[in-house]
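What follows is each chain in one-letter form.
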Amino acid sequence: MISDCSRRVALISYHTCPLAAPGQGKAGGMNVHVRELARAMANRGVAVDVFTREHDYQCAGTEADNDNVHYVHVPAGPADAPLGDLPGYLDDFVAGVGRHQKRNNFQYLAIHSHYWLSGWAGASVAAATGTPQVVTFHTLSRIKMQSRSGEHEPPVRQETEERIIAGADCVVAFSPHERDAMVRLYGADRNRVELIPCGVDLSRFRPIGRTAARRELGLNGHKVRLSVGRIEPLKGADLLLHAAASLESEEGVQVLVVGSDADGSGEMERLHQLSVDLQLGDTVEFVGRVPQDRLALYYSAADVCVVPSFYESFGLAALESMACGTPVVASRVGGLSTIVQHGRTGYLKSWRCPEAFAQSLEMIMANEDLRDSMGRAARNRAETLSWDQVAGRLLDLYERLGSAGRGEETAH
């Protein structure tokens, strides 16, 4: 569908390009979110400009994703600048966004920023043009620090998040838990927080057939427990290893850990050593990063997907697994408690202890009927969270905010 450009939206992803593959640098679920959201809006006839920094594998300029989506790579500091230096280049980025908008005489329905650095930039862009500002944080520093001992975030991030929440026309939260945390930890106005979940690509993530998927991956009939995500301490993959070690018999069971080390944190090395210390032998395979177009094979091959995170604002891996018809055992934290329906599409564990996770994993893997019924319910649940549905709700939000800004009557 070609847009008549009567409706145009700006999405800001300052610190990471949504075209980057998950696992590449800081790329993760947020990259997938922004990219798929842009495409879904484009399919509804909306023109979308995605603003991101020029980075070390993309020079400055505009890159078309399709007829209606354009990525604008704005020069803002050295292309390979570390994350900690990026606040210093925000003024350059904001100026670059302004030049693009002025040069093309674009008017946006909304400026929708993703992550705190983008929200910082988006506030300036929105104020200069009188455009509604919408922010999705994906992660919030104070929630992270409460979720896991040892997590540290700089005061500038905490203060900036608080300022953005206070000034934005609307903040989008993925779950009631995230909204309530914004109110409690940041003093957010509950009436200006909109609950809109993340989405999933139902055509890419679909049931393939367990036997066929295992054959394709060379798993030789093993039962499979799967973990997918960036390898970093907050994801809690060590709990999966401890759970595997706590079971009396792991014969015929494979534990697959999909994902790469986040910024060379050393977490992958630590998990390898833990696997040795727990004498898991060949039970565990660290697969590394898997391209998006092959992830469905892993989800479909698995009997169960394990998401033992200390915190997840949403939990995209859980939703992708469910879309592939694979039940999930997850920590009862953040958005996971909204996605996973306890006892229906998997199990939520309130305590992060290996024995509790092991019990639920064993229950699913030992009962084929339970596993299959949960898998069907999981797919049905995922079908209510397509990117098209998410895009529609966000576009309605943008229109309401624009009407309110023009002084027209609107209902929140």
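In this report, the structure presented in the accompanying data block is examined.

Reading the values: the criteria
What you see as residue numbers is a count from 1 along each chain, following the sequence as written. Confidence filtering applies because this is a predicted model: local features only for residues at pLDDT of at least 70, side-chain atom pairs given and counted only at 80 or more, and all residues used for totals across whole chains, interfaces and linings. Heavy atoms throughout the structure, all of them, feed into the side-chain values; hydrogens and water do not. Under the DSSP-based scheme used, a helix requires at least four consecutive residues in state H or I and a strand at least two consecutive residues in state E, with every element numbered from the N terminus. Residue contacts are defined here by distance: any two heavy atoms, one from each residue, within 4.5 Å place the two residues in contact. The method behind every accessible area is Shrake-Rupley, applied with a 1.4 Å probe, and residues are considered shielded solely by the protein chains displayed. Pairing between two strands requires that DSSP report at least two bridges joining them. An axis is simply a line fitted to the C-alpha atoms; with a helix, the fit covers only the stretch in contact. Between two such axes, the angle follows the N-to-C directions and lies from 0 to 180 degrees. Note on disulfides: each one is a pair of cysteine sulfur atoms within 2.5 Å. Burial classes follow relative accessibility: with a 1.4 Å probe on protein chains only, a residue under 20% of its type's maximum area counts as buried, one over 50% as exposed, and anything between as partly exposed. Seen with its strands pointing away from the viewer, a crossover is right-handed when the path leading from the first strand over the helix to the second is clockwise. Nine residue types can take part in a nonpolar core, namely buried Ala, Val, Leu, Ile, Met, Phe, Trp, Tyr and Cys, and a core is a set of them joined through side-chain atoms within 4.5 Å. Salt bridge, as used here, is a side-chain nitrogen of Lys or Arg placed within 4 Å of a carboxyl oxygen of Asp or Glu. Two rings belonging to Phe, Tyr or Trp (six-membered ring only in the last case) form a pair when the distance between their centres is within 6.5 Å. Interplanar angles under 30 degrees mark stacking, angles over 60 mark edge-to-face geometry, and anything in between is tilted. A ring has a charge above it when a Lys NZ or an Arg CZ is no more than 6 Å from the ring centre and no more than 35 degrees off the ring normal. Any residue with an atom within 4 Å of a point lines the site, the site being either a cavity, points on a 1 Å grid over the protein atoms alone where a 1.4 Å probe fits but cannot get out, or a pocket, an open set with protein on both sides within 12 Å along at least 5 of 7 lines. Grid points are joined across faces, edges and corners, and a volume is the space filled by probe spheres set on the points. Throughout, the ten residues Ala, Val, Leu, Ile, Met, Phe, Trp, Tyr, Cys and Pro are labelled nonpolar, Asp, Glu, Lys and Arg are labelled charged, and all others, Gly among them, are labelled polar.

Examining the overall build of the protein chain
Step number 1: Counting its secondary structure elements, the protein chain contains 15 helices and 14 strands.
Step number 2: Contacts in the protein chain between residues at least 24 apart in sequence constitute 68% of all its contacts with a sequence separation of at least 6.
Step number 3: Approximately 16,900 Å² of the protein chain is accessible, and the part contributed by carbon and sulfur atoms is 46%.

Re the sheet that holds strand S10 (residues 253-258)
Step number 1: Ordered in space as S11-S10-S9-S12-S13-S14, the six strands form an open sheet in which the pairing is parallel. The sheet is open, and its two edges are formed by strand S11 (284-288) and strand S14 (346-349), each paired on a single side. Taking the axes of each pair of neighbouring strands and ignoring which way they run, one obtains an average angle of 20° across the sheet.
Step number 2: In this sheet, strand S12 (residues 304-307) lies alongside strand S9 (residues 223-228) in parallel orientation, the contact comprising two bridges. Across the sheet, the residue bridging to Leu226 is Cys305, located in S12.
Step number 3: Strands in contact with helix H10 (residues 292-301) are S9, S10, S11 and S12; relative to S9, the strand with the most contacts, it is inclined by about 135°.
Step number 4: Helix H11 (residues 316-323) rests against S9, S12 and strand S13 (328-331) of the sheet, and its axis sits at about 165° to S13.

Considerations on the side chain of Ser360
Step number 1: Residue position: Ser360 is located in helix H13 (residues 354-366).
Step number 2: Residues contacting Ser360, with those up to four places away along its chain left out, are Val329, Tyr347 and Lys349.

A short note on the state of the cysteines
Step number 1: All told, the structure shown has zero disulfides when counted by the stated rule.
Step number 2: Free cysteine: Cys305, not disulfide-bonded; nearest cysteine sulfur from Cys324 at 9.5 Å.
Step number 3: Residue classification places Cys305 among the buried positions, given a relative accessible area of 0%.

Structural notes on the pairing of strand S7 (residues 170-173)
Step number 1: Of the two faces of S7, both are covered, the one formed by Cys170 and Val172 as well as the one formed by Val171 and Ala173.
Step number 2: Here strand S6 (residues 133-136) pairs with S7 via three bridges, running parallel. When the sheet's bridge partners are listed, Val134 is paired in S7 with Cys170.
Step number 3: Summarising the sheet, S7 and strand S8 (residues 193-195) pair through three bridges and their orientation is parallel. Opposite Val171, over in S8, you have Val193 as the bridge partner.
Step number 4: What joins S7 to S8 is helix H6 (residues 176-186), and the crossover it makes is right-handed.

A few points about the nonpolar core
Considering soluble globular proteins, one finds that nonpolar side chains tend to be buried as a cluster.
Step number 1: Core analysis: the biggest nonpolar cluster contains 108 residues, and Met41 and Tyr398 have the highest contact counts within it.
Step number 2: Not counting chain neighbours up to four residues away, the residues in contact with Tyr398 comprise Val9, Leu11, Met41, Leu109, Ala110, His112 and Val134.
Step number 3: Judged by nonpolar contacts, the second largest core, of 28 residues, contains Leu241, Val255, Leu274 and Leu361.

Quick notes on the side chain of Glu161
Step number 1: Relative to the assigned elements, Glu161 resides in helix H5 (residues 155-167).
Step number 2: Setting aside anything within four residues of it in sequence, one finds Glu161 in contact with Trp116, Phe137, Thr139, Leu140, Ser141, Arg142 and Tyr186.

Regarding unusual backbone geometry
Step number 1: Of note, the phi angle at Tyr115 is positive, near 90°, even though the residue is not glycine.
Step number 2: Note that Tyr115 resides in the loop between strand S5 (111-114) and helix H3 (116-129).
Step number 3: At Gln279, a position not held by glycine, the phi torsion is positive, near 55°.
Step number 4: With respect to the helices and strands, the residue Gln279 is situated in the loop between helix H9 (267-277) and S11.

A word on the pairing of S12
Within a regular beta strand, the side chains point alternately toward one face of the sheet and then the other, so they alternate between its two faces.
Step number 1: By the alternation rule, side chains of S12 split into Val304 and Val306 and Cys305 and Val307, which are all buried.
Step number 2: Of the strand pairs in this sheet, S12 and S13 are connected by three bridges, and their pairing is parallel. Counterpart to Cys305 in the pairing with S13 is Val328.
Step number 3: The parallel pair S12 and S13, bridged by H11, forms a crossover whose chirality is right-handed.

Some details on the pattern of salt bridges
Step number 1: Counted by the stated rule, this structure contains 25 salt bridges.
Step number 2: Residue Arg230 pairs with Glu232 through a salt bridge whose shortest N-O separation is 3.4 Å.
Step number 3: Its relative accessible area of 17% is what places Glu232 among the buried residues.
Step number 4: Arg379 is the salt-bridge partner of Glu383, the closest N and O atoms lying 3.1 Å from each other.
Step number 5: A relative accessible area of 16% places Arg379 in the buried class.

Notes on the environment of Ala42
Step number 1: The residue Ala42 is located in helix H1 (residues 29-43) in this model.
Step number 2: Separated by 27 residues in sequence, Ala42 and Val69 place their C-alpha atoms 6.4 Å apart.

Overview of the packing of aromatic side chains
Step number 1: Throughout the structure, instances matching the rule amount to seven aromatic pairs.
Step number 2: Clustering of aromatic rings is evident, with ring pairs tying together Phe51, Phe106 and Tyr108.
Step number 3: Here the basic side chain of Arg8 rests over the ring of Phe106, its NZ or CZ set 3.7 Å away from the ring centre.
Step number 4: Just above the ring of Trp120 sits the side chain of Arg163; from NZ or CZ to the centre is 5.7 Å.

Structural notes on empty space enclosed by the protein
Step number 1: With the rule as written, the count across this model stands at two cavities of 30 Å³ or more.
Step number 2: There is about 50 Å³ of room inside the largest cavity.
Step number 3: Lining the largest cavity, in full, are Val32, Glu36, Gly199, Val200, Asp201, Arg204, Phe205, Gln292, Leu316, Glu320 and Trp387.
Step number 4: Considered class by class, the residues forming the lining of the largest cavity number five nonpolar, two polar and four charged.
Step number 5: Approximately 30 Å³ is the volume attributed to the second largest cavity.
Step number 6: His33, His112, Thr136, Val172, Phe174, Ile196, Pro197, Val390 and Leu394 are the residues that line the second largest cavity.
Step number 7: Tallied by class, the residues present in the lining of the second largest cavity amount to six nonpolar, three polar and no charged.

Nothing here speaks to function; it is all geometry.
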